[in-house]
Amino acid sequence: MQKLRDAYKVWSESFGMYPLPLVKRVKLFWSSLKGWISENFPEALRTLSKGASEAQIRSAEDDLGFKLPMPTKLLYRFCNGQLPFSKNEDIRMAPLGIIGGYVFYNYNVNVHLSSLEQMVEETKEFNLHLEEQGLPIGPNLALVASSWYHPKTFLLNCSSGDLYVGTANLSAGEMMPCVPESLIKPTNSDMPQDGLLLWLEEHLRRLQNGMIKIRPLSTSRYICLYPEASPLCSSAVTNGVKVRASAVFVPEHPRRGHLGTHLYSYSIRLSVPEACMLGGVYFSSCQLHSRHWIIRCKDTVVSDMHGEGVIGEHPLLLPGQDEFVYESCTPLNGSSGSVEGSFTFVPGRLTQPEGKPFDVTVAPFPLEVPDYIF
């Protein structure tokens, strides 16, 4: 009995100032996320810091000049974000962001959850930049997550609890909400929830249900944000050739931000799961010759194009081989649309065709600004 009283006293001193249901919710989130990372992405586990103390949180709030929302405080009580980069660890840690990212051409984003120390430092730098530009400083904004490679920044409004992602014009203070504002609940509610908690919980759900997965990146691995499941990922099989396709919204890219233009990056996965079959004849291989894309903005065709190969390659597909994966991007003068099309393949090889060319369907996949932006 004494042990129970002692345990309750320790808990009360540590978390008694927070509503018990919220404590249980945040604890469950971190235990579930760490469990998933341990099983699927163990190399990232060592980047997670121990929980911060109340004294560390108060110190961060003093440095920021404002209070953090209650759910965010609790998130940091259980885990103080990811370890800040050091000169010796940059290359090894850069792909290990627990939010993840995407890669297309030479553009690489990988988002890490900031520690309190990093949050304070980067928030001060951001505010100083705005001051130098003669722009008003946002209302109690804290930088809570960012990318190591190409810049991508997430900012929490600590007054309202809303979470935003910086756009290509972040230097001018432009941001977009990346969590449905209607779900934000103030601190005085029965179960307060701010944008950061909702965002992280939704990210965990996508990891757990397989919507996003781990993919290889050069000599390492990363959490890849291109969707892997329907309805965000399309799938079609033609003559044994399987094509999966999906896209992500890229609000921070420099090509976005002019006259309502949105930029999307899409990922195409090509494979022959069993065999390439054409007219009842099986072929040991097939090779991509050309592509045809139809891009729509809402219901209007805005691009209908043909081209040789993909990203300068003509992939050769063999039965049972791993998917050939490539990424590209497209602008869209609107917030929603779709892409569909086809690839022309040759049975055998381009240099030694064994039959007539055939078209492989790329089922339509959406281009849309999602409710949750990662």
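Structure: see above.
Residues numbered from 1 in each chain as written. Predicted model: local features only at pLDDT ≥ 70, side-chain atom pairs only at ≥ 80, totals over all residues. Heavy atoms only, no water.

1. A closer look at the sheet that holds strand S9 (residues 233-238)
Then step 1. Taken in spatial order, the four strands line up as S9-S10-S11-S17 in an open sheet, and their pairing is antiparallel. In this open sheet, the two strands that pair with only one neighbour each are S9 and strand S17 (324-332). The sheet shows a mean angle of 20 degrees between the axes of neighbouring strands, direction not considered.
Then step 2. With eight bridges connecting them, strand S10 (residues 241-249) and strand S11 (residues 262-271) associate as antiparallel partners. Looking across to S11, one finds that Arg 244 is bridged to Arg 269. (Pairing = 2+ DSSP bridges. Helix = DSSP H or I, 4+ residues; strand = E, 2+ residues; numbered from the N terminus. Axes fitted to C-alpha atoms, helices over the stretch in contact; angles between N-to-C directions.)

2. Topic: helix H6 (residues 116-132)
Then step 1. The end-to-end C-alpha distance of H6 is 24 Å, a good match for the 24 Å that 17 residues give at a rise of 1.5 Å each.
Then step 2. The complete set of buried residues in H6 reads Leu 116, Gln 118, Met 119, Val 120, Thr 123, Phe 126, Asn 127 and Leu 130.
Then step 3. Along its buried surface, H6 packs onto helix H3 (54-64), helix H4 (70-78), strand S3 (141-147) and strand S4 (153-157).
Then step 4. Count one or two residues on from H6 and you reach Gly 134, which has phi positive near 75 degrees. (Expected span 1.5 Å × (residues − 1). Buried < 20%, exposed > 50% of the residue type's maximum accessible area, 1.4 Å probe, protein only. Contact = heavy atoms within 4.5 Å.)

3. A short note on the packing of aromatic side chains
Then step 1. For the structure shown, the criterion picks out 14 aromatic pairs.
Then step 2. Geometrically, the ring pair formed by Phe 15 and Phe 78 is stacked, given 5.0 Å between the ring centres and 15 degrees between the ring planes. Of this pair, Phe 15 sits in helix H1 (residues 2-15) while Phe 78 is found in helix H4, placing the two residues 63 residues apart along the sequence.
Then step 3. Ring centres 4.7 Å apart and planes at 40 degrees place the aromatic pair Phe 154 and Trp 199 in the tilted group. Within this pair, whereas Phe 154 is found in strand S4, its partner Trp 199 is found in helix H7 (residues 195-208), the two being separated by 45 residues in sequence.
Then step 4. Relative accessible area serves as the criterion here: at 0%, Phe 154 is assigned to the buried category.
Then step 5. Among the aromatic residues, ring-to-ring pairing joins Tyr 102, Phe 104, Tyr 107 and Tyr 226 into one connected group.
Then step 6. Over the ring of Phe 15 we find Arg 77; its NZ or CZ atom is 4.6 Å from the centre of that ring. (Phe/Tyr/Trp six-rings, centres within 6.5 Å; stacked < 30°, edge-to-face > 60°. Lys NZ or Arg CZ within 6 Å of the ring centre and 35° of its normal.)

4. With respect to H7
Because the α-helix completes a turn every 3.6 residues, residues three or four places apart line up on one side.
Then step 1. Taking 1.5 Å per residue, 14 residues should reach 20 Å; H7 reaches 20 Å between its end C-alpha atoms and fits that length.
Then step 2. Across the 14 residues of H7, 12 count as buried, placing the element largely inside the fold.
Then step 3. Taken together, the buried positions of H7 are Gly 195, Leu 196, Leu 197, Leu 198, Trp 199, Leu 200, Glu 201, Glu 202, His 203, Leu 204, Arg 206 and Leu 207.

5. Concerning the pattern of salt bridges
Where charged atoms from two side chains of opposite charge come close, those side chains can pair.
Then step 1. A complete count under the given rule lists 14 salt bridges for this structure.
Then step 2. The salt bridge partner of Lys 152 is Glu 252, with a shortest N-O separation of 3.8 Å. Placement of the pair is Lys 152 in the loop between S3 and S4 and Glu 252 in the loop between S10 and S11, with a sequence separation of 100 residues. In terms of burial, Lys 152 and Glu 252 fall into one category: buried.
Then step 3. Its salt-bridge partner being Arg 296, residue Glu 340 comes within 2.4 Å of it at the nearest N-O pair. Taken together, the positions of Glu 340 in strand S18 (residues 336-349) and Arg 296 in strand S14 (residues 286-297) put the pair 44 residues apart, joining distant regions of the chain.
Then step 4. A relative accessible area of 23% means that Glu 340 is categorised as partly exposed. (Salt bridge = Lys/Arg side-chain N within 4 Å of Asp/Glu carboxyl O.)

6. Considerations on the packing of helix H2 (residues 20-40) against H7
Then step 1. Running from N to C, H2 and H7 point in directions that differ by 40 degrees, and their axes come no closer than 10 Å. Taken as axis vectors, H2 and H7 run oblique relative to one another. Taken as a pair, H2 and H7 cross one another with a handedness that is left-handed. Seen from H2, the contacting residues are Leu 22, Arg 25, Val 26, Phe 29, Ser 32, Leu 33 and Trp 36; seen from H7, they are Leu 197, Leu 198, Leu 200, Glu 201, Leu 204, Leu 207 and Gln 208.
Then step 2. Its residues assigned to classes, the contact of H2 with H7 shows 10 nonpolar, two polar and two charged. (Parallel < 35°, antiparallel > 145°, perpendicular 65-115°, else oblique. Left-handed = near helix turned anticlockwise from the far one by under 90°. Nonpolar A, V, L, I, M, F, W, Y, C, P; charged D, E, K, R; others polar.)

7. Thoughts on the side chain of Ser 342
Then step 1. Structurally, Ser 342 can be placed in strand S18.
Then step 2. Residue class for Ser 342 comes out buried when judged on its relative accessible area of 16%.
Then step 3. Discounting chain neighbours no more than four positions away, the residues touching Ser 342 are Ser 290, Arg 291, His 292, Val 360 and Val 362.

8. Examining the layout of surface pockets
Then step 1. The calculated volume of the largest pocket comes to roughly 660 Å³.
Then step 2. Lining of the largest pocket is provided by 28 residues; of these, Glu 122, Ser 146, Ser 147, Pro 151 and Thr 153 occupy positions nearest its centre.
Then step 3. Elements supplying a minimum of two residues to the lining of the largest pocket: strand S2 (107-113), H6 and S3.
Then step 4. Tallying contributions element by element places H6 first for the lining of the largest pocket, with seven residues.
Then step 5. For the lining of the largest pocket, the residue count by class is 11 nonpolar, 11 polar and six charged. (1 Å grid on protein atoms, 1.4 Å probe; cavity = no way out; pocket = protein on both sides within 12 Å on 5 of 7 lines; lining within 4 Å. Points joined across faces, edges and corners; volume = space filled by probe spheres on them.)

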